[in-house]
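Understanding the architecture of this molecule
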Amino acid sequence: MEAVVLAGGEGTRLRPLTLTTPKPVMPLAGRPFLTFMLDWLARHGVDDALLALGYKSEAVHAVLGEERHGMRLRYLIEEEPLGTAGPLRLAADEGLLAESGPILVVNGDCLTDFDLTAQLRQHEATGARGTIALTAVDDTASYGVVPTRESGEVEEFLEKQPGPAPTNRINAGTYVLDRSVVDDLIPSGRAVSIEREVFPELVGGGLYGYKFDAYWIDIGTPERYMEATFDLLTGHAQSELPPRDETDSLIYDASITGGARIGPLSVVGRHCSVGSGSVVERAVLHDDVRVGRDASVVEAIIAEGARVEDEARVEPGAIIGAGATVAAGGVVESGARIGPGEHVG
Ligand code: GTP
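Cut-off values and rules
Residues numbered from 1 in each chain as written. Predicted model: local features only at pLDDT ≥ 70, side-chain atom pairs only at ≥ 80, totals over all residues. Heavy atoms only, no water. Helix = DSSP H or I, 4+ residues; strand = E, 2+ residues; numbered from the N terminus. Buried < 20%, exposed > 50% of the residue type's maximum accessible area, 1.4 Å probe, protein only. Contact = heavy atoms within 4.5 Å. Pairing = 2+ DSSP bridges. Near = heavy atom within 4 Å. Polar contact = N/O pair within 3.5 Å; in protein donor to acceptor, adjacent residues only side chain to side chain. Areas by Shrake-Rupley, 256 points an atom, 1.4 Å probe, with all protein chains shown as cover. Nonpolar A, V, L, I, M, F, W, Y, C, P; charged D, E, K, R; others polar. Phe/Tyr/Trp six-rings, centres within 6.5 Å; stacked < 30°, edge-to-face > 60°. Core = buried A, V, L, I, M, F, W, Y, C linked by side-chain atoms within 4.5 Å. Domains from an automatic or database assignment. Buried area = accessible area lost by both parts, 1.4 Å probe. Salt bridge = Lys/Arg side-chain N within 4 Å of Asp/Glu carboxyl O.

**Considering the side chain of Asp218**
Relative to the elements of secondary structure, Asp218 occurs in strand 14 (residues 216-218). On the basis of relative accessibility, which here comes to 6%, the residue Asp218 falls in the buried class. When near neighbours in sequence (up to four residues on either side) are disregarded, Asp218 contacts Asp109, Cys110, Tyr143 and Arg224.

**Some words on unusual backbone geometry**
The linkage connecting Arg15 with the following residue, Pro16, adopts the cis geometry, with an omega of 5 degrees. For Pro16, the location among the structural elements is in the loop between strand 1 (2-6) and helix 1 (17-20). Residue Pro264 is reached from Gly263 by a cis peptide bond, and omega for that bond is 5 degrees. Tracing the backbone through its elements, the reader meets Pro264 in the loop between strand 16 (261-262) and strand 17 (267-268).

**Concerning the pairing of strand 12 (residues 169-177)**
With 9 of 9 residues buried, strand 12 lies mostly within the body of the structure. Of the strand pairs in this sheet, strand 7 (residues 103-107) and strand 12 are connected by 4 bridges, and their pairing is antiparallel. Among the inter-strand pairings, Leu104 is bridged to a residue of strand 12, identified as Val176. Pairing geometry for strand 9 (residues 130-136) and strand 12, over 6 bridges, is antiparallel. Within the sheet, the bridge partner assigned to Leu134 lies in strand 12 and is Asn171.

**Remarks on the site of the ligand**
Taken together, 19 residues sit near the ligand, with Thr12, Arg13, Lys23, Glu78 and Gly83 positioned nearest. One of the backbone N or O atoms of Leu6 is found 2.8 Å from an oxygen atom in the ligand. The side chain of Asp109 places a nitrogen or oxygen atom 3.3 Å from an oxygen atom of the ligand. Contact with the protein chains hides 83% of the accessible area of the ligand, taken as 610 Å² for the molecule alone. A per-class count over the shell around the ligand returns 6 nonpolar, 8 polar and 5 charged.

**Some words on the packing of aromatic side chains**
Evaluation of the coordinates by the stated rule reveals 6 aromatic pairs. With centroids separated by 6.1 Å and ring planes inclined at 35 degrees, the aromatic side chains of Phe114 and Tyr210 adopt a geometry described as tilted. With a gap of 96 residues between them, Phe114 in the loop between strand 8 (110-112) and helix 5 (116-126) and Tyr210 in strand 13 (residues 207-211) connect regions that are remote in the sequence. Given the relative accessible area of 0%, Phe114 is considered buried. With relative accessibility at 11%, the residue Tyr210 sits in the buried group.

**Notes on the side chain of Thr257**
Along the chain, Thr257 turns up in the loop between strand 15 (250-251) and strand 16. We classify Thr257 as buried; its relative accessible area is 17%. With residues near it in sequence (within four places) discarded, Thr257 still touches Ile251, Ile262, Val268 and Val274.

**Some details on the nonpolar core**
One finds Leu28, Leu38, Leu41, Leu51, Leu64 and Leu111 to be the most contacted residues of the largest nonpolar core, which totals 64 residues. The element best represented in this core is helix 2 (residues 33-43), accounting for 7 residues. Both domains that meet at this core, namely domain 1 (2-223) and domain 2 (242-344), each give it at least three residues. Discounting chain neighbours no more than four positions away, the residues touching Leu64 are Val25, Leu34, Thr35, Leu38, Leu51, Leu73 and Tyr75. Counting 28 residues, the second-largest nonpolar core is a separate cluster that includes Val4, Leu76, Ile186 and Val198.

**Let's talk about the domain arrangement of the protein chain**
Taken domain by domain, the protein chain consists of domain 1 (2-223) and domain 2 (242-344). Spacing between the C-alpha centres of domain 1 and domain 2 amounts to 33 Å. Contacts between the two partners involve 10 residues from domain 1 and, on the opposite side, 15 residues from domain 2. With both chains or domains summed, domain 1 and domain 2 bury close to 960 Å², and 73% of this area falls on carbon and sulfur atoms. Interface area lost by domain 1 to domain 2 is led by Pro16, Leu17 and Ala29, which between them contribute 47%. Our enumeration of links across domain 1 and domain 2 arrives at 0 salt bridges. Scanning the region where domain 1 abuts domain 2 turns up 2 residue pairs in polar contact (both at pLDDT 80 or more).

Structure representation (structure tokens):
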């Protein structure tokens, strides 16, 4: 079975991290993010994934290659961003979509383990033209809200609209579509939004919701990236990560942390060093990060190759871009964003 993975967005909300590493291969608990998603797809029978990419596509290709655990990985590269539906049209035009059978489409920024097989089954049982996976969230503001009828048919598709929502069920970014949806509703040659153009058009014409209550999170903001990290570390989100220590932290190979206090809920990537007397708490260090002595990094993300010198402090919510440096005794205040290569005195 084939799946199209939409992974060409710029990931602006995750800047400065995405200025150097595109979201699909951003380390999440030390693993390129998309590998979690590809493994989930494989568990549901997908053996061929077409990755629709644009922004920093070479970096994604370089990390993921042509194959993962027997799953074929193919690449569709957009010269201009084609939005969340345009890539399907391009894939069809280039003969990359199967001619028959339903098309599985996933947003490439969700961590989930819901029962995709059941969604496919429901799609067939109802004879739908499109079936959208729906999850329940507390705050619907940044999602597409999708009320459904008792039959499962979608009543309305309300993309990121202000005001009170009629339901807390939102678009979880996984769709099963009939080939006719691509052929009839997605024009060629321009960016098309599946949420704003295709789904509203399909309401009343065979668009159904598939409700699930399993784990689901989209990692598109720093807050949710951290939440997903903590969920993986505690095992609240299932994964095949290496075992965590007694503080629910994960320290990868070839990192030196003797004399430092790491944890709880922290990730230390490969080839990092954290000096004695330093504290890393509820924080994420990507690979090759160096933290000096008596420094503290709390509830922050530090990208690859960055340095935090002796006695410096990185406060909650801060993000330090790749290769940036924080001078000895320097303070990166709560919520600050330090760009790649920048120097904080
Ligand atoms: P923000 O800039 O932070 O909103 O992130 P984003 O660019 O990833 O946008 P968003 O989270 O809304 O996108 C949802 C999914 O669609 C992500 O997996 C994106 O990679 C993907 N996506 C968004 N726009 C495009 C596009 O033009 N082409 C492709 N192939 N994928 C896209």
